[in-house]
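Listed below are the residues making up each chain.
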Amino acid sequence: MNVKNKYLRIIAIFLILLFALFTLTGCQSSTDNSIDDLAYVVALGIDLGDYESIKLSLQIATISASGGSESSSGGGGSSGQSSTFIVNTIDCSSIDSGISLLNTYINKTIELSHCRAIVISEEVAQKGISTYIYTLMNKVDIRPDCNLLICKG
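Being a predicted model, the structure only gives us computed values, none of them experimental.

Details of the side chain of Glu-111
Right, on to step 1. Mapped onto the fold, Glu-111 is located in strand 4 (residues 109–111).
Right, on to step 2. No salt bridge is formed by the buried Glu-111. Its closest oppositely charged neighbour is Arg-143, at 8.9 Å.
Right, on to step 3. In this structure, Glu-111 is in contact with Leu-38, Ala-39, Tyr-40, Val-41 and Asp-141, ignoring residues within four places of it in sequence.

Okay, structure coming up:
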């Protein structure tokens, strides 16, 4: 009878540990980023590059929560935040590859949910923009009210 109680005790401890394993684990997603880890794109530009590539330009809003000494060269800051804009341009073969390259270059995750304008040069528009539009349509981040502009010059 002593052996039977010992086995029941071991099984009970095992079940408690198994229950604790599944109930005490965290549910935090690995994609949760703080505001300091994200680069919010305000405008996206597409121009012709060298050797059948494109020049992808991203205007990124840099937000500082300190709100004090940073100059505001692009946008107005609120009472507790200051905002400036940085424009990064990269030669790439596609929009997705350019965003991936810039993700590694600026060491932040590019977030397209605040993109208000997509500016395409006239030369790119004359060649055809369907591949770029389809690529951007497949991105869930881009809002449907984002403005599409063709730039002359």
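Structural notes on the environment of Pro-144
Right, on to step 1. Looking at the element boundaries, Pro-144 is found in the loop between helix 4 (130–137) and strand 6 (147–151).
Right, on to step 2. Separated by 28 residues in sequence, Pro-144 and Arg-116 have C-alpha atoms that sit 9.7 Å apart.

Thoughts on the pattern of salt bridges
Right, on to step 1. Enumeration according to the criterion identifies two salt bridges in this entry.
Right, on to step 2. We note a salt bridge from Lys-139 to Asp-96, for which the minimum N-O separation is 2.7 Å. Here Lys-139, found in the loop between helix 4 and strand 6, pairs with Asp-96, found in helix 2 (residues 95–106); they are 43 residues apart in sequence, far enough to count as distant.
Right, on to step 3. The partly exposed category is assigned to Asp-96, whose relative accessible area is 37%.
Right, on to step 4. Salt-bridge contacts for Arg-116 lead to Asp-145; the nearest nitrogen and oxygen are separated by 3.4 Å. Placement of the pair is Arg-116 in the loop between strand 4 and strand 5 (117–121) and Asp-145 in the loop between helix 4 and strand 6, with a sequence separation of 29 residues.

Calculation criteria
- Residues numbered from 1 in each chain as written.
- Predicted model: local features only at pLDDT ≥ 70, side-chain atom pairs only at ≥ 80, totals over all residues.
- Heavy atoms only, no water.
- Helix = DSSP H or I, 4+ residues; strand = E, 2+ residues; numbered from the N terminus.
- Buried < 20%, exposed > 50% of the residue type's maximum accessible area, 1.4 Å probe, protein only.
- Lys, Arg positive; Asp, Glu negative; His and termini not counted.
- Salt bridge = Lys/Arg side-chain N within 4 Å of Asp/Glu carboxyl O.
- Contact = heavy atoms within 4.5 Å.

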